[in-house]
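# Structural description and commentary
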Amino acid sequence: MNILKLDEFEIDIQPTEEKIKELKAEKVLLQLPDGLRRKSHKIIKELERYGVDITLWGGTCYGACDLPLDIGEADLLVHIGHSEIPNIYVGYPVVYLEGRSRRWTDPPKKLFKRLKGKVALYASIQHMDHLKKMKDILEDEGFETVVEKGDQRIKYPGQVLGCNYSTQVPDADTHLYIGTGRFHPLGLSMSLKKEVFVFNPVTGEFTSTENKMDRLLRKRFAAINVSEEADKVGVILSQKKGQRRDGVLDALKDAKNDIIIAEFDEIEPDLVDDFQWDCAVNTACPRITLDDSGNYSTRILTPIEFLISKKVKKWEEWEMDEIH
Ligand code: SF4
């Protein structure tokens, strides 16, 4: 192990050395997520010890779904911050250096009072070690815990992505997410259609998604309602390796045969709104629809929401849009 410390995060960069030796790599392209771009000098200095030339990737990095389409002259991509999405075909060598948060605050007593029965545990990649820690704490307190394996898009048991909650345990009595922010627990809550408790291991805060979930669901149903008469419909198809879903296009065309498909490298309000569609069906990152659709003048629906608006599916069939 060769641990690089960046604020509260630790990253084992040793796998880079092994891959460089294996490939006899000379040139490396380095991709950093938003929060770590400002640390690029420090990270490059560490990786240069392995005797390679390093160029930074200047484009977006929303997740491991968002790797560059190609890496040009480089022999290897080093992607920092996220775990591999195992079912994505990349087409060039990649090393994924996952970040792990080390800041921990013990849970408050009220957490134990709110949990009951079988407790399912979830975390994002940065808090996977915290998930194990919480599991031990809860079992010491006498709780039954469960951490489920996900589908082929998920690397670790209990791990969630903003677009994949296949580690969910529908029959658990309580769902507990360990991590910061509301992005993942809210998606999990929408996927389960149940309340999710949230423990923030950095601050020790303990909250729930209940009210937020109801608000979001009402918004989604309103968007479907006003799209029933939509005539000019466009479909957003992403070029990103882990966001492209050609597989859903046939069902959309069956529901309305004159829909237009548009490929995007970057999905931005200006680029979408410029088409002046009555409604857009987003097949790329589901969180664009769930979290960001308010930034667009165009109404944005998920594929299943579009099928509901065209009466191909029933309202009761609404589900969180996920990528598998
Ligand atoms: S598709 Fe969206 S939610 Fe899924 S990993 Fe990519 S950025 Fe995250």
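Conventions and cut-offs
Residues numbered from 1 in each chain as written. Predicted model: local features only at pLDDT ≥ 70, side-chain atom pairs only at ≥ 80, totals over all residues. Pairing = 2+ DSSP bridges. Helix = DSSP H or I, 4+ residues; strand = E, 2+ residues; numbered from the N terminus. Axes fitted to C-alpha atoms, helices over the stretch in contact; angles between N-to-C directions. Contact = placed C-beta atoms within 7 Å. Parallel < 35°, antiparallel > 145°, perpendicular 65-115°, else oblique. Left-handed = near helix turned anticlockwise from the far one by under 90°. Nonpolar A, V, L, I, M, F, W, Y, C, P; charged D, E, K, R; others polar. Near = placed C-beta within 6 Å. Core = buried A, V, L, I, M, F, W, Y, C linked by C-beta atoms within 7 Å. Buried ≥ 20, exposed ≤ 12 C-beta atoms within 10 Å, placed from the backbone. Domains from an automatic or database assignment. Expected span 1.5 Å × (residues − 1). Arc of directions from axis to C-beta.

Taken together, the 6 strands give an open sheet; going across it, the order is β1-β2-β6-β5-β3-β4, and neighbouring strands pair in mixed fashion. Edge positions in the open sheet fall to β1 (3-6) and β4 (53-56), since each of these has one partner strand only. Across this sheet, the average inter-strand angle for adjacent strands is 25°, counted without regard to direction. Relative to strand β6 (residues 94-101), strand β2 (residues 9-12) is paired through 3 bridges, and the arrangement is antiparallel. What sits directly across from Phe9, in β6, is Ser101.

With that settled, the discussion passes to the sheet that holds strand β10 (residues 197-199). In space, the 5 strands of this open sheet follow the order β8-β7-β9-β10-β11, with mixed pairing throughout. Strands at the two margins of the open sheet, each flanked by one partner only, are β8 (144-146) and β11 (206-208). The mean angle between the axes of side-by-side strands here comes to 30°, regardless of whether they run parallel or antiparallel. In terms of strand pairing, strand β7 (residues 118-123) meets strand β9 (residues 174-178) through 5 bridges, oriented parallel. Considered in β9, the bridge of Val119 is made with Thr174. Here helix α5 (residues 183-192) sits on the sheet and contacts β7, β9 and β10; the angle it forms with β9, its principal contact strand, is near 155°.

It is at 10 Å that the axes of α5 and helix α6 (residues 210-226) come closest, and there the two elements cross at 65°. By the criterion of interaxial angle, the relationship of α5 to α6 is roughly perpendicular. In terms of crossing hand, the pair formed by α5 and α6 is right-handed. Where α5 approaches α6, its residues Leu186, Ser189 and Met190 are matched on the opposing element by Lys212, Met213 and Leu216. For the contact of α5 with α6, a count of residues per class yields 4 nonpolar, 1 polar and 1 charged.

What follows deals with the site of the ligand. Around the ligand lies a shell formed by Tyr62, Gly63, Cys65, Leu161, Gly162, Cys163, Gly242, Gln243, Cys285, Arg287 and Ile323. Here the shell around the ligand is built from residues that sort into 6 nonpolar, 4 polar and 1 charged.

In this structure, Leu121, Leu176, Tyr177, Ile178, Ile236 and Val281 are the most contacted members of the largest nonpolar core, which totals 46 residues. Sorting the residues of this core by element identifies β7, α4 (128-140), β9, β10, β12 (233-238), β14 (279-282), β15 (299-301) and α10 (303-309) as the ones contributing at least two each. Element by element, the count of residues in this core is highest for β7, at 5 residues. Among all residues touching Ile236, those that are not within four sequence positions of it are Ala262, Phe264, Ile267, Val272, Ala280, Val281, Asn282, Thr283 and Ala284. Ala25, Leu32, Ile43 and Val95 belong to the second-largest nonpolar core, a separate cluster that totals 22 residues.

Glancing now at the domain arrangement of the protein. The domains assigned to the protein are domain 1 (3-99), domain 2 (109-208) and domain 3 (218-317). Taking only C-alpha atoms into account, the centre of domain 1 sits 28 Å from that of domain 2. Contact residues are listed per partner, giving 11 residues for domain 1 and 8 residues for domain 2. Across the side of domain 1 that touches domain 2, the residue classes break down as 3 nonpolar, 5 polar and 3 charged.

Further remarks concern α4. Taking 1.5 Å per residue, 13 residues should reach 18 Å; α4 reaches 19 Å between its end C-alpha atoms and fits that length. Those residues of α4 that sit buried are Met128, His130, Leu131, Met134 and Leu138. All buried residues of α4 project into a common sector of 140° when viewed along the axis, lining one side. In α4, the exposed positions angled more than 90 degrees off the buried face are occupied by Asp136, Glu139 and Asp140. Buried residues along α4 sit against β6, β7, β8, β9 and β10. Gly142 sits one or two positions beyond α4 and adopts a positive phi of about 95°.

The next subject is the pairing of β2. Two strands pair when backbone bridges link them, and β1 and β2 are joined in this way by 4 bridges, in the antiparallel orientation. Residue pairing across strands places Leu6 opposite Phe9, the latter belonging to β2. Here β1 folds back onto β2, and the loop between the two strands holds 2 residues, one of which, Asp7, carries a positive phi near 50°.

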